[in-house]
Amino acid sequence: AMAQERVQVVELFSARSCAFCPKADEVFHELIERPGVIGLACHVSYFDADQSSLSRKFCVERQTALNKILRGGPNFTPEMVISGTA
């Protein structure tokens, strides 16, 4: 039997108008190429002046909930959360 490999979920919160997000996108894509890593990209709406079609309200809600669990905040971009714990 094969040993179970632990899967890590990486969530990236970014925004189209964020100057630092392109670099975070690069790091995110490098991480999700690794075996056992699942990536979820979420575009927040609070940073985009034009409320782009990429941004979603539920992304802000998800980020806010995670920051409460992690005792972080305020919400910012870019932000990566790994398996809901870091």
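Anything mentioned here points back to the structure above.
Residues numbered from 1 in each chain as written. Predicted model: local features only at pLDDT ≥ 70, side-chain atom pairs only at ≥ 80, totals over all residues. Heavy atoms only, no water.

Visitor: So what exactly am I meant to see when it comes to the sheet that holds strand 3 (residues 79-82) here?
Guide: Backbone hydrogen bonds hold the strands of a sheet together, and the pairing may be parallel or antiparallel. Taken together, the 3 strands give an open sheet; going across it, the order is 2-1-3, and neighbouring strands pair in mixed fashion. The strands lining the two open edges of the sheet, one partner per strand, are strand 2 (37-43) and strand 3. Here the strands of the sheet are splayed against their neighbours by 20° on average, with no regard to which way each runs. Where strand 1 (residues 8-14) meets strand 2, 7 bridges bridge the pair, whose relative direction is parallel. Its bridge partner lying in strand 2, glutamine 8 is registered against valine 37. Each of strand 1, strand 2 and strand 3 is contacted by helix 2 (residues 57-69), which is oriented at about 120° to strand 1, the strand it contacts most. (Pairing = 2+ DSSP bridges. Helix = DSSP H or I, 4+ residues; strand = E, 2+ residues; numbered from the N terminus. Axes fitted to C-alpha atoms, helices over the stretch in contact; angles between N-to-C directions. Contact = heavy atoms within 4.5 Å.)

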